[in-house]
Amino acid sequence: MSLLDKLQVPTNTLDLFIRSVDIHAYLPGRVRLYSRNLVGNAALERQVQEQLGAFPEIDSVKTSTITGSILIQYVPETLRRNPELAKVEQYIMTHVRRK
């Protein structure tokens, strides 16, 4: 494990993105995020859809500019074959908001 991994320093755009949202819920295969920046921002919605939708390991990305919600659905075994996405999923698992 590198020093950057130990310190959990963002190393790419996906890392920066996931750290800029509220991780509301996680179940293997389903993640719900919230972003205040997404509320009323159609341009950001398109960008989120395009960037997350570009990963073939992600089955669907649903967004709402009304609530700022981002719902990501995937098959865990498929997603985890991509080391970058597996790292993000690990981060999500340890940083999901607990009620």
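Thresholds applied
- Residues numbered from 1 in each chain as written.
- Predicted model: local features only at pLDDT ≥ 70, side-chain atom pairs only at ≥ 80, totals over all residues.
- Heavy atoms only, no water.
- Pairing = 2+ DSSP bridges.
- Helix = DSSP H or I, 4+ residues; strand = E, 2+ residues; numbered from the N terminus.
- Axes fitted to C-alpha atoms, helices over the stretch in contact; angles between N-to-C directions.
- Buried < 20%, exposed > 50% of the residue type's maximum accessible area, 1.4 Å probe, protein only.
- Contact = heavy atoms within 4.5 Å.

1. So, the sheet that holds strand E3 (residues 58-63)
Where strands meet in a sheet, backbone hydrogen bonds hold them as pairs that are either parallel or antiparallel. Across the sheet, four strands lie side by side as E1-E2-E4-E3; this open sheet has antiparallel pairing. Sheet topology places strand E1 (22-27) and E3 at the edges, where each strand pairs with a single neighbour. The average undirected angle you get between the axes of adjacent strands in this sheet is 15 degrees. Across five bridges, E3 lies against strand E4 (residues 69-74) in antiparallel orientation. When the sheet's bridge partners are listed, Lys-62 is paired in E4 with Leu-71.

2. Some details on the environment of Leu-52
Within the secondary structure layout, Leu-52 lies in helix H3 (residues 42-53). Its relative accessible area of 5% is what places Leu-52 among the buried residues. The spatial distance from the C-alpha of Leu-52 to the C-alpha of Leu-14 is 8.7 Å, given a sequence separation of 38 residues. Excluding anything up to four places from it in sequence, Leu-52 contacts Leu-14, Phe-17, Ile-58, Val-61, Ile-70 and Ile-72.

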